[in-house]
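Secondary and tertiary structure notes
Residues per chain, in single letters:
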Amino acid sequence: FEQRKGDGTLTAAQLEYRNYLHSWRWWAIRSTRRMWDRNRCRMCGEKRGLQVHHSSYLYRGKPWLGILWEWMDCITVCDFHHKAAHNGMNIKEFAD
């Protein structure tokens, strides 16, 4: 879902987000969120192609209780519903 610049490079914000996706914090949120959602898409119950999606980015990287709020702001979805969420489908009603 990255939109690259015309020369194919990533912006500073995209690089920062990519680094975040490789952080211990995101690993912890992603792992526990998938377990909490029973390793199924919260929209359709699919077990394959799962991803953890931020409903918003309001709490991403915030200190202290921010990790809890960020975890609550995420949802496990399959590839199909992840793409649909990025194309404007409302998934907040399925989040905790």
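Overview of the structure. (Residues numbered from 1 in each chain as written. Predicted model: local features only at pLDDT ≥ 70, side-chain atom pairs only at ≥ 80, totals over all residues. Heavy atoms only, no water.)

1. Regarding a nonpolar patch on the surface
Stated formally: To count toward a patch, a residue needs a relative accessible area over 30% and no salt bridge; like charges are then connected within 9 Å, while nonpolar side chains (Val, Leu, Ile, Met, Phe, Trp, Tyr) are connected within 5 Å. Residue burial considers only the protein chains on display, and all accessible areas are found by Shrake-Rupley using a 1.4 Å probe. For this document, the term salt bridge refers to a Lys or Arg side-chain nitrogen within 4 Å of an Asp or Glu carboxyl oxygen. Numbering of helices and strands runs from the N terminus; a helix is a DSSP stretch of H or I covering at least four residues, while a strand is a stretch of E covering at least two.
A contiguous nonpolar surface patch, about 550 Å² in accessible area, is contributed by Trp64, Leu65, Leu68 and Trp69. Position of leucine 65 relative to the elements: it lies in the loop between strand S1 (50–54) and helix H3 (66–72).

2. Description of helix H2 (residues 24–36)
What counts here: Here, expected helix span is obtained from the residue count minus one, scaled by 1.5 Å. Any residue under 20% of the maximum accessible area for its type is buried, any over 50% is exposed, and the rest in between are partly exposed; the area is computed with a 1.4 Å probe on protein chains only. In this description, one arc is meant: the one made by directions from the helix axis to the C-beta atoms. When checking whether two residues touch, look at their non-hydrogen atoms; a contact exists if any pair is within 4.5 Å.
Between its terminal C-alpha atoms H2 stretches 18 Å, which fits the 18 Å expected from 13 residues at 1.5 Å a residue. Buried within H2 we find Arg25, Trp26, Ile29 and Arg33. Buried positions in H2, seen along its axis, are confined to an arc of 90 degrees and lie on one side of it. Along H2, the residues that are exposed and aim more than 90 degrees away from the buried face are Trp24, Trp27 and Met35. Each element contacted by the buried residues of H2 is listed here: helix H1 (12–20), S1, H3 and strand S2 (74–78).

3. What about the pairing of S1?
Filter applied, for reference: Between any two strands, pairing holds if DSSP finds at least two bridges.
In terms of burial, S1 is largely enclosed, as 4 of its 5 residues are buried. Of the strand pairs in this sheet, S1 and S2 are connected by 5 bridges, and their pairing is antiparallel. Its bridge partner being in S2, glutamine 51 is matched across the sheet by valine 77.

4. Considering the pattern of salt bridges
By the definition in use, this model includes 5 salt bridges. The residue arginine 25 makes a salt bridge to glutamate 70 at a minimum N-O spacing of 2.8 Å. Note that arginine 25 is positioned in helix H2 and glutamate 70 in helix H3, a separation of 45 residues in sequence. Glutamate 70 shares its class with arginine 25; the two are buried.

5. Quick word on unusual backbone geometry
Positive phi is not limited to glycine here, since arginine 38 has a value of about 60 degrees. Relative to the helices and strands, arginine 38 is located in the loop between H2 and S1. In this structure, asparagine 39 is a non-glycine residue whose phi angle is positive, near 50 degrees. Here asparagine 39 is to be found in the loop between H2 and S1.

6. What about the packing of aromatic side chains?
As a reminder, the rule being used: Only centres within 6.5 Å qualify two rings of Phe, Tyr or Trp (six-membered ring in Trp) as a pair; their planes then separate them into stacked at under 30 degrees, edge-to-face at over 60, and tilted for everything else. Remark: a charge is flagged as sitting over a ring if the NZ atom of Lys or the CZ atom of Arg is within 6 Å of the ring centre and within 35 degrees of the ring normal.
Scanning the entire structure with this criterion turns up 3 aromatic pairs. Residues tyrosine 20 and tryptophan 26 carry aromatic rings whose centres are separated by 6.1 Å and whose planes lie at 45 degrees to one another, so their mutual orientation is tilted. An identical accessibility class is assigned to tyrosine 20 and tryptophan 26; each is buried. The ring of tyrosine 20 carries arginine 60 above its face, with NZ or CZ at 5.3 Å from the centroid.

7. Things to note about the state of the cysteines
Which entries qualify depends on this criterion: A pair of sulfur atoms, both from cysteines and within 2.5 Å, is called a disulfide here.
Scanning the model with the defined rule gives 0 disulfides in all. Just so you know, cysteine 41 is unpaired, no disulfide at all, and the nearest cysteine sulfur is the one on cysteine 44, 3.8 Å from it. By relative accessible area, cysteine 41 is classed as buried at 4%. A disulfide-free cysteine, cysteine 78 has its sulfur positioned 3.8 Å from the sulfur of cysteine 41, the nearest such atom.

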